[in-house]
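If you want the building blocks of each chain, they are given just below.
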Amino acid sequence: MTDQPSITVCDATLRDGSHAYSHQITLEQVTAYATAAEAAGFSFLEVGHGNGLGASSLQVGESLVPEGEMLSAAKKCLRRTKLSVHVIPGFATIKREIVNALEAGVDLFRVGCHCTEADITQRHIGYVRSAGHETWGVLMMSHMAPKEVLLEEAKKLQSYGAQGVVLMDSAGAYFPQEVTAKIGLLASRLDVPVGFHAHDNLGLSIANSLAALEAGARIIDGTAKGFGAGAGNAPLELLAAVLRQRGYPCSVDLYRALDAAEVAARLFAGSLPESTGITIVSGLAGVFSGFSKPVQRAAAQLGVDPRDVLVELGRRKVVGGQEDIILEVAAELARGSNLSAPNP
Amino acid sequence: MNRAITLVRADAEAVLEGRNGQLEALRGQHLFISGGTGFLGAWLLELAAVLNERHGFGLTVTVFSRNARAFAQRWPHLGGLEWITFQDGDIRYLSELPRETRYIIHAAALTDRRLFASQPSAVAETNGLGTLRLLRAANLLEDLKNVVLMSSCLVYGQQPWETAQINESFAGPLRSNDVNAVYAESKRFAEMIAQCAISESKLPVVTVRPFAFVGPYQSLELPWAVTDFIRDSLAGGPIRIMGDGATVRSIMYGSDFAFGVLSALAVGKPRETYNLGSPEAIDLGSLARMITQFFSPVPEIRTRVGQVGHDRNRLVPAIDRAAADLGLKVTVPLPEALQRTIAWNRFIQNK
Amino acid sequence: MTPPTERLPVAILGTGNIGTDLLLKVLRSPVLDCRLFAGRNLASPGMSKASHLNVPVSAKGIDSIQELKGEIALVFDATSAPDHLKHAPVFEQMGVVAVDLTPAKVGRMCVPAVNLDECLGLPNVNMVTCGGQAAIPLAWAIAQANAQVEYVETVSSIASRSAGPATRINLDEYLDTTEMGLQLFAGCPRTKAILNLNPAQPCIHMQTTIMAKITHPDLLRTREKVAAMVAMIKKYVPGYQLILPPMIEGGRMVMMVRVDGLGDYLPKYAGNLDIINCAAIAFAEACAHRRNS
């Protein structure tokens, strides 16, 4: 028998899924799903707006339920499974969002940034560490930087006190070889465990997740039925099955994980992710998965092809959080003017 | 003088023959060369002249050094070119770069061994802080494409005798409490400063570690073996080798050197480090014999002129990485390199 | 023949990139006269530049400013918030007008297009933040044009290279200050600021989006007020452009501006840094004109 370390499985259904539900997840849905997640034995349950703490906004969509209430409701359902949140400096502040989340009983703070900007997380990670809680660093849109840059940024996160580093495939753009190279490098050179968060825009979320595990990742993200932005995430029920089949030890109970997927299917019926022309082009263009819905809306309003909007957004190398640029691009396309790069 | 100019021009054209496509990224661009008035600087300008005159590259260049204008006067065929701006200045006090600069070669450094001995602090300051000043100024540019940092093979410390060729991942021991290591340490510090700029501001910097070279424009007063041997031969000999002649070097011609640097600028991968030099090893005894065959009568070679037990050491690069990424290769074999260097020096001496 | 307008004697404290860019703007102004460029590091590139331009420099920082008591009328403080807190009482004691380009917020927030006149005569004014200078005038215009503005939000995207270590370590303060400014000027209790850093090369120019939730939005009137405001801002920030005129999308009022920097010392893509400097200059020039009339 191998003495492989246990794999930490992070359930982001109630956070990434927020993108798929226009951030209108209700307290009832939180309670129902969190109960199922606890039973399934996932290591962490991540709850909140798709863009993390304090992201309820006109920019990326307003949440139906205030995040404090969502967090408290989830916390009540959890015993062994721990509660985590996603935090992006630039959206969230320490004084408001992190302090309140600590009060609500959050166990793990996953502090994220665009994959080349780790130094904006220094204070937030430091604050959580001084408050005695666990915190990881998250590098978003990580397909946009070469592995050496990712390692450099990950080392910064580690030096700030991050106790884990997760590479996100926010655009669903990775192929397995790239996962192997990037996760492999980080896993071999960092002290802290490394994780991968897949999206399914190109149908590769499970393959990529497996490649990550084989390259040394000890943290893996997924959502029930892939309920998440764009074409969704790596489906947790499939991950649980794959982990079991390949002999990776983890705390997840396979049948309960399958049950949790059924709960999610019922709760979020009609909003489960699917692969569409938009999500495919989004993945190819390397655009943040969460842009799919606002792109669709803006394109419809301005009478342009959403796929053209995505291609242009990709060409401009737009990062997560820049949803306002969608309108500018759609408006330019509608005007039929020559698309120029952002600076003349 | 004319024959000297013609010789170098022919070399510059030859090294670029069929290979200027590699440098396409530089077409129409403004190059800022710090310290561009030494051996490398002169060759870079010669190649730039060919790129402009033969291949219509439309390059403009700013040469920044402490004796830029003096250089322009010394070599009027370069100094008179209207697309070169010669700017006098000290790299330690550089505050701004020309706005349109997109490409930078940072070669400004104190490299005179006599200064290492008598003004080591100035060496540390110029080579280290000079790099810091340059990169800070580079951070204010609109659209910086690439910076080449001219480091030194001496950052490796001592190459182990058993290692035939040293590659870029080698790191020798530090001798930070020995003033004799000031040059090597200052170059290591410069490399570190570049890494800081890369990490903080994502500046595109390519680090180049040059080995040993020979060619026109190289002062024969420099205390390198090859220049010593040539100078002594021109003076009628004898060539004096301190040890038994077993020390191993490799020597690249100036045109291949300059092409390698321009290539690093045009297609070098930012964050990467490249050895730059010839991979063909030669021991000093053989080098001396090779040089003397260009003289008649053949000058005498004396060995073991120094203290008994004089170190034998090796300094030879593996250039696989530069060959792959930059197309670096030796196009001028060593005997020809030596012959042309000697010819050029004779032309210059005869005026 | 009318006598030439007397130039207002000013000093700049802080010789980093922002202070140096400010210096070039002061030198270009027909009504400002830079008597001193002061900081702590004589070796800084800014000091070098000032010297070359024959501007008196000093490495004695605030002490050298104090020595000019009675000779200068206004000081630009481009140091840091903690430092400005120490400097502010000194400026007050000297009787000079302090223009605070840090997030210290000792004095009234000044956004020239909106409240320039109110600020003239005050001993200390604060230039808010870059996103604040870009968004606040439009938030104010929205409030002028619409009766019930429930909520105002601004998102700025800036080039990673234009955000130095000081900006990055003080992101939270930037968001707080910007939100405070929005609340003050738009008269709206609920506001939010968001900042995105984008590392794309070539560097992106600063882009700011202003969004509002309005019960009964008057789009036509909003467009008029916004157009008028943009025209006013362009007078002191020539690179300020409305790239998406007010529109209603997804139940929110949206508009977008882009700021191309002047490129005096800072690169053109750093419009975010340029707009604060332009605003500070606009205020100082107004002080000069006021003194002369």
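Reference entry: report on the structure contained in this document. (Residues numbered from 1 in each chain as written. Chains lettered and ligands numbered in written order. Predicted model: local features only at pLDDT ≥ 70, side-chain atom pairs only at ≥ 80, totals over all residues.)

### Some points on the nonpolar core
In terms of nonpolar packing, the biggest core is built from 334 residues, with C:Val10, C:Val75, C:Val99 and C:Ala139 touching the most fellow members. Per element, the largest residue contribution to this core is 12 residues, and it comes from helix 10 (residues 271–292) of chain C. (Core = buried A, V, L, I, M, F, W, Y, C linked by C-beta atoms within 7 Å. Buried ≥ 20, exposed ≤ 12 C-beta atoms within 10 Å, placed from the backbone. Helix = DSSP H or I, 4+ residues; strand = E, 2+ residues; numbered from the N terminus.)

### Observations concerning the sheet that holds strand 1 (residues 30–34) of chain B
Sheet strands associate in pairs through backbone hydrogen bonding, adopting either a parallel or an antiparallel arrangement. Residues and elements named next belong to chain B. Spatially, 7 strands are ordered 3-2-1-4-5-6-11 in an open sheet, and the strand pairing comes out parallel. Two strands bound the open sheet, and with one partner strand each, they are strand 3 (84–88) and strand 11 (273–276). Here the strands of the sheet are splayed against their neighbours by 20° on average, with no regard to which way each runs. Pairing of strand 5 (residues 146–150) with strand 6 (residues 205–210), which is carried by 4 bridges, proceeds in the parallel orientation. Along strand 6, the bridge assignment pairs Leu-149 with Thr-207. Sitting on the sheet, helix 6 (residues 120–138) touches strand 1, strand 4 (103–106) and strand 5, and the angle it makes with strand 4 is about 175°. (Pairing = 2+ DSSP bridges. Axes fitted to C-alpha atoms, helices over the stretch in contact; angles between N-to-C directions. Contact = placed C-beta atoms within 7 Å.)

### Considering the sheet that holds strand 3 (residues 57–58) of chain C
Residues and elements named next belong to chain C. Overall, parallel pairing links the 7 strands, which are arranged 3-2-1-4-5-7-6 in an open sheet. Single-partner strands in this sheet number two, and they are strand 3 and strand 6 (108–109). As paired elements, strand 1 (residues 8–13) and strand 4 (residues 74–77) share 4 bridges and run parallel to each other. Looking across to strand 4, one finds that Ile-12 is bridged to Phe-76. Relative to the sheet, helix 10 contacts strand 1, strand 2 (32–38), strand 4, strand 5 (97–100) and strand 7 (124–126), its axis offset from that of strand 1 by approximately 155°.

### What to know about the packing of helix 7 (residues 176–189) of chain A against helix 8 (residues 205–214) of chain A
Residue and element names in this part refer to chain A. Running from amino to carboxyl end, helix 7 crosses helix 8 at an angle of 30°, the nearest separation of the two axes being 8 Å. With respect to helix 8, the axis of helix 7 lies roughly parallel. Considering how the two elements wind past one another, helix 7 and helix 8 form a crossing that is right-handed. For the pair formed by helix 7 and helix 8, the contact residues are Pro-176, Val-179, Thr-180 and Ile-183 on the first element and Ala-207, Asn-208, Ala-211 and Ala-212 on the second. Its residues assigned to classes, the contact of helix 7 with helix 8 shows 6 nonpolar, 2 polar and no charged. (Parallel < 35°, antiparallel > 145°, perpendicular 65-115°, else oblique. Left-handed = near helix turned anticlockwise from the far one by under 90°. Nonpolar A, V, L, I, M, F, W, Y, C, P; charged D, E, K, R; others polar.)

### A few points about the pairing of strand 5 (residues 134–140) of chain A
All names here are of chain A. Within strand 5, 6 of the 7 residues are buried, which leaves the element mostly enclosed by the surrounding structure. Bridge analysis of strand 4 (residues 108–114) against strand 5 gives 7 bridges, and the strand direction is parallel. The residue bridging Phe-109 from the neighbouring strand is Thr-135, located in strand 5. Crossover strand 4 to strand 5 through helix 5 (residues 122–130) is right-handed. Two strands pair when backbone bridges link them, and strand 5 and strand 6 (residues 165–168) are joined in this way by 3 bridges, in the parallel orientation. Opposite Leu-139, over in strand 6, you have Leu-167 as the bridge partner. Where the polypeptide runs from strand 5 across helix 6 (residues 147–160) and back to strand 6, its parallel neighbour, the crossover connection is right-handed. (Right-handed = clockwise from strand over helix to strand, strands pointing away.)

### Observations concerning helix 1 (residues 2–16) of chain B
Residues and elements named next belong to chain B. Compared with an ideal rise of 1.5 Å per residue, which puts 15 residues at 21 Å, helix 1 spans 21 Å between its outermost C-alpha atoms and is within 8% of the ideal. Where helix 1 is buried, its residues meet helix 2 (39–53), helix 9 (254–267) and helix 12 (334–350). Gly-18, located one to two residues past helix 1, shows a positive phi value of around 70°. (Expected span 1.5 Å × (residues − 1).)

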